[in-house]
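Chain residues, written in single-letter form:
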Amino acid sequence: MGTVLETLKLSLPSNIAPPRSHRPPPPRSRQRHRLVRVRATATATATASVRLRLRSLFSVQDCERSSSSPLFCVLRSRLRLRASPSSPFSVLCSVSLLVSVFISAQSLRRPFELDGCSSRLYHGLTAKMSSQQSSISSVSSSTSSRYTSGEVSSTNPLWAYVTMLQNKKEGGGNASWRCNYCNIIYKGSYFRVKSHLLKEKGHGIAICSQVSNDCLEEMKKIEREAMEKSKPVHVPLPTGTTSFNPSLDGGKRRRAETPIGRAFNNEARDHLSCEIARLFYSAGLPFNLARNPYFISAFSYAANNPISGFLPPSYNAIRTTLLQREKAHILKLLQPIKDTWSEKGVSLVTDGWTDAQRRPLINFMAISDSRPMFLKAVDGSSEFKDKHYISDLMFSVIDEIGPQNVVQIITDNAPVCKATGSIVESIHHHIFWTPCVVHTLNLALKDICCPKNTENNVVVYEACNWISSIADDAFFIKNFIMNHSMRLAMFNQFVHLKLLAVAETRFASIIITLKRMRTIKHGLQSMVISEQWSHYREDNVQKAASVKEIILYDCWWDQVDYVLNFTSPIYDMLRSCDTDEPSLHLVYEKWDSMIEKVKLAIYQHEGKELNEHSSFYEVVYGVLIFRWTKSNTPLHCLAHSLNPRYYCRQWLEKVPNRVPPHRDNEICVGRNKCLRTYFPESKDRIEVTQEFVKFSSAAEDLGQFDSLQDRWNLKPKEWWIMYGSSIHKLQSIALKLLSQPSSSSCCERNWSTYSFIHSMKRNRLNPKRAEDLVFIHTNLRLLSRKGKSYKEGESKLWDLAADEWDPSKGAGVLEVASLSLDEPDLEAVLFTDDGDGNDEIDTVRV
């Protein structure tokens, strides 16, 4: 009997309390109030649902006779109902229990009739229970599991008016149910149950003809109340988070969620998307963060793993424990790259900077085969930064890398750096100090475009002073337009590009400014001859007239074109070396080609033959040779000699009087000096000399057809890997030198990363924590750039683009890229219109 009672309790309506003997007694102080509340609830709220259930199963006469039936008496005596049979509470409980018995009997497939067979039904149920105890238990458990998808709740109350026959399968499908009015079996979801009972046509299911008008009105009322309760509560965005988010169609009624939508949990997905967007808006995060692969993987991992109850890491955990754990993880990921240093070699690059709190910092990076790795940044506060202090730091980093792996040290051309390089070379003879080629070229451009009026520089100043006047005029026009909002608005109407305010410390700042002026020439001229400019009135009318005169002066534009033409080879070489790509073996040839192109541009402008004398070219040539002499090292000569392409006929015939490296005396002197440094023992030096003779003369197996043809077809490093095994000593040197850069640009860009992390808004970061953040940020980018997803897909070039534009600083985070901001086609892609008249940096085309 206990199992039957358990089955009966499962079928009780949710708003009717179970019998008193089967529930724990409440506290004495609350018994009276609880009894009154239970009776009132049973009388007022359960009547409608019980009546509807009875009408769906029995006739009106059956319901009137149910309270006096023998089955009711047995049930009441069995359940020990102490209330009076005539009380509303007792009657409703008994009727509900009676209905539950019939439902259970139907589930047991035992036929019955109400009149005259109540006792027979009870005995049949008792016999069924005693003979098939396990069968009843399985029916009870199946009834419980069946209501997991067809459960009567506040959002789907009409499940109470059908009988579930088969639940949805675990993999999907429709539930099987029987209508309690027409006794027809259907398959479908709650949407079909509602359409069938409420007589809604056109929904793929027949309407129920047995539902009376009274029942129909009551069911509609219950369904309306359920819909009102399920409506989301809209809370304004700034006040905090909400359980639901308004729809995107301007407040229209939400469309009923489909079974597919419930299967994919679209409502929760939409809510999570709104929460993520709210994070961006509240913290002022750049939209480009959404393309960050680590941002995407974090939410993907959380969504695909059962970690319910997870809370994000706390403030202290992110800045302490997790920071150190991530740094250790990055060190482990960088180890495979470090393992290649013994074969490929490594260049140690260093540079100095001052942070937001005016603390002097010195950072160290290791680069090999276009992979710049951040090592550390040292706080030089309270230290006298002379050659001895910097050399001590340099030695500690060299010991960390391994002296046998270091090929060269790259710094700028400051005297203290040169002195430090000499100290390192005296201790480690195989390590060469190499000045940054980009810094050298920038100094050459400054000497030409902005010469100093000193006693030792009179000739250069007299020959090149006119270039500085042209640059001053360009800066005067730029400042006049940008320093007033009305003039800047007028400029934006006529010119589609921005005026670049390049800092003086940036490489080739004068050339970048003049190139932009020439690009927007026609827009500037249209602006100063427009009616807006004529109607514009300001206190300083003389400046406005001067700007108009310069812009409309054709001779001034001719001089701008001339400056850009003969400095273009210098600027192009600066840009080609201002990368992390291996270029040490190309520097010597680039210098020679650049000087020849400068000469050709100057002679064409002056209308002279190449064998004639040009005083201006002699001055420019003297500046370039002076800078090249100070930056040239024996390592450049050896790397140039080991490039197989420079021995090919195709390269030699490009320029008249060009000779291969082994026939150039200057290159031979530098190469031999470098070989003596690498091989101090005479025996080893003789062996490597013989190998070089074999390589340069293409003797023995190096003179075969494939070897000679691939000297031009293959890249230098590929050729040495393919054919250099017979000259293994020279091969090991070549593989190291052909993987090295020629500039310290990676350190310059790393300071942009440092200022991005340790900014004026985050100036309370101590140097150690800022160093750890820069270490993780820089090396994560190094690791991600080698993946395929970095070059294609939604995360393409995720660390280059940004949402920031400052007219005085350029494109913000774009400084970290190996790109030049003076390119109009690049900027046209960066600054795209979003449709509302706003400029946004969207994508980067490379």
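Residues numbered from 1 in each chain as written. Predicted model: local features only at pLDDT ≥ 70, side-chain atom pairs only at ≥ 80, totals over all residues. Heavy atoms only, no water.

**Side note on the overall build of the protein**
Now for step 1: Scanning the protein from terminus to terminus reveals 38 helices and 10 strands.
Now for step 2: Residues counted as buried form 43% of the 846 residues belonging to the protein.
Now for step 3: Looking at the protein alone, contacts between residues at least 24 apart form 63% of all its contacts between residues at least 6 apart. (Helix = DSSP H or I, 4+ residues; strand = E, 2+ residues; numbered from the N terminus. Buried < 20%, exposed > 50% of the residue type's maximum accessible area, 1.4 Å probe, protein only. Contact = heavy atoms within 4.5 Å.)

**What to know about the nonpolar core**
Now for step 1: Counting 110 residues, the largest nonpolar core has Phe566 and Trp591 as its most contacted members.
Now for step 2: A total of 12 residues in this core trace back to one element, the largest contributor, which is helix H26 (residues 554–577).
Now for step 3: In this structure Trp591 touches Val437, Thr440, Leu441, Met573, Leu624, Arg627, Trp628 and Ser631, once residues within four positions along its chain are discounted.
Now for step 4: With 25 residues, the next largest nonpolar core counts Cys674, Leu730, Ala734 and Leu735 among its residues. (Core = buried A, V, L, I, M, F, W, Y, C linked by side-chain atoms within 4.5 Å.)

**Remarks on the sheet that holds strand S6 (residues 372–379)**
Now for step 1: Ordered by their spatial adjacency, 5 strands build an open sheet running S6-S5-S4-S7-S8, and the pairing between neighbours is mixed. At either end of the open sheet lies a strand with only one pairing partner, and these are S6 and strand S8 (432–435). Going from strand to strand, the sheet's axes swing by 25° on average, the running direction of each strand aside.
Now for step 2: Looking at chain direction, strand S4 (residues 346–354) and strand S5 (residues 360–367) are connected through 8 bridges and run antiparallel. Each residue of the ladder has a partner; that of Asp351, found in S5, is Asn363. (Pairing = 2+ DSSP bridges. Axes fitted to C-alpha atoms, helices over the stretch in contact; angles between N-to-C directions.)

**Focus on the sheet that holds strand S3 (residues 185–188)**
Now for step 1: Here we have 3 strands laid out as an open sheet, ordered S1-S2-S3, and antiparallel in their pairing. Each having just a single partner strand, strand S1 (162–166) and S3 make up the two edges of the open sheet. Taking each pair of neighbouring strands and ignoring which way they run, the sheet shows an average axis angle of 35°.
Now for step 2: As paired elements, strand S2 (residues 175–179) and S3 share 4 bridges and run antiparallel to each other. Within the sheet, the bridge partner assigned to Trp177 lies in S3 and is Tyr186.
Now for step 3: Taken strand by strand, helix H9 (residues 190–197) contacts S1, S2 and S3, and its axis lies near 15° from that of S2.

**So, the pattern of salt bridges**
Now for step 1: Scanning all chains against the criterion turns up 12 salt bridges.
Now for step 2: Across the pair Lys344 and Asp369 runs a salt bridge, and its minimum N-O distance is 3.1 Å. Of the two residues, Lys344 is situated in helix H16 (residues 341–344) and Asp369 in the loop between S5 and S6; the sequence distance between them amounts to 25 residues.
Now for step 3: According to the relative accessible area criterion, Lys344 is partly exposed, its value standing at 23%.
Now for step 4: With a shortest N-O distance of 3.7 Å, Asp561 and Arg518 are connected by a salt bridge. Taken together, the residues Asp561 in helix H26 and Arg518 in helix H22 (residues 509–519) connect sequence positions 43 residues apart. (Salt bridge = Lys/Arg side-chain N within 4 Å of Asp/Glu carboxyl O.)

**Overview of the packing of helix H21 (residues 485–494) against helix H23 (residues 521–528)**
Describing two packed helices takes the angle between their axes plus the distance from one axis to the other.
Now for step 1: At a minimum axis separation of 9 Å, H21 and H23 run at an interaxial angle of 125°. Put simply, H21 runs oblique to H23. Seen along the crossing, H21 lies across H23 with a hand that is right-handed. The residues of H23 that touch H21, namely those facing Met490, Phe491 and Phe494, are Gly523, Leu524, Ser526 and Met527. (Parallel < 35°, antiparallel > 145°, perpendicular 65-115°, else oblique. Left-handed = near helix turned anticlockwise from the far one by under 90°.)

**So, unusual backbone geometry**
Now for step 1: Phi is positive for Asn657, close to 65°, though the residue is something other than glycine.
Now for step 2: The class for Asn657 is exposed, based on a relative accessible area of 81%.
Now for step 3: For Ala698, which is not a glycine, the phi torsion comes out positive at approximately 55°.
Now for step 4: Tracing the chain through its elements places Ala698 in the loop between helix H32 (682–696) and helix H33 (705–713).

**Some details on the pairing of S6**
Side-chain positions along a regular strand alternate between the two faces of the sheet.
Now for step 1: When you tally the buried positions in S6, you get 6 out of 8 residues, the bulk of the element.
Now for step 2: As judged from the 7 bridges shared by S5 and S6, these two strands associate in the antiparallel manner. In the strand pairing of S6, Asn363 is matched with Ala377.
Now for step 3: In sequence, S5 turns back onto S6 through a hairpin of 4 residues, with Asp369 there showing a positive phi of about 55°.

**Considering the confidence of the model for the protein**
Now for step 1: Summing up the model confidence of the protein, the mean pLDDT is 75 and the portion of residues at 70 or higher is 68%.
Now for step 2: Throughout residues 102–149 the model reports pLDDT below 50, and contacts reaching past four residues in sequence, or to other chains, amount to 54 contacts.
Now for step 3: Within the model, the stretch residues 801–846 combines pLDDT values under 50 with 100 contacts to residues more than four positions away or in other chains. (pLDDT = per-residue confidence, 0-100.)

**Some remarks on the pairing of S3**
Now for step 1: Where burial is concerned, the two faces of S3 differ: the one with Tyr186 and Gly188 is buried and the one with Ile185 and Lys187 is not.
Now for step 2: Linking S2 back to S3 in an antiparallel pair, the connection comprises 5 residues, with Asn183 at a positive phi of about 60°.

**A few points about the packing of aromatic side chains**
Now for step 1: By the definition in use, this model includes 25 aromatic pairs.
Now for step 2: Summarising the aromatic geometry, the rings of Tyr617 and Tyr621 are spaced 5.7 Å apart at their centres and angled 35° between planes, so their arrangement reads as tilted. Placement of the pair is Tyr617 and Tyr621 together in helix H28 (residues 615–631), with a separation of 4 residues, close to one helical turn.
Now for step 3: Here the aromatic residues Tyr647, Phe692, Phe695, Trp719, Trp720 and Tyr723 are joined through ring pairs into a cluster of three or more.
Now for step 4: A cation over a ring is seen here: Lys327 above Phe775, with NZ or CZ 5.5 Å from the ring centre. (Phe/Tyr/Trp six-rings, centres within 6.5 Å; stacked < 30°, edge-to-face > 60°. Lys NZ or Arg CZ within 6 Å of the ring centre and 35° of its normal.)

**A word on the environment of Leu375**
Now for step 1: By the secondary structure assignment, Leu375 is in strand S6.
Now for step 2: For the pair Leu375 and Thr778, spaced 403 residues apart in sequence, the C-alpha separation works out to 9.8 Å.
Now for step 3: In this structure, Leu375 is in contact with Leu348, Phe364, Met365, Ala366, Val397, Ile401, Glu771 and Phe775, ignoring residues within four places of it in sequence.

**Concerning a nonpolar patch on the surface**
Now for step 1: Where nonpolar side chains cluster on the molecular surface, the patch consists of Tyr301, Ile307 and Phe310 and spans about 340 Å² of accessible area.
Now for step 2: Judged by its relative accessible area of 54%, Phe310 is exposed. (Patch = residues over 30% accessible without salt bridge, like charges linked within 9 Å, V, L, I, M, F, W, Y side chains within 5 Å. Areas by Shrake-Rupley, 256 points an atom, 1.4 Å probe, with all protein chains shown as cover.)

**Observations concerning the packing of helix H19 (residues 437–449) against helix H27 (residues 587–606)**
Now for step 1: Direction vectors running N to C along H19 and H27 enclose 20°, while the axes themselves pass 13 Å from each other. The angle between H19 and H27 places the two elements in the roughly parallel class. The interaxial crossing formed by H19 with H27 has right-handed handedness. The residues of H27 that touch H19, namely those facing Val437, Thr440 and Leu441, are Val587, Trp591 and Met594.

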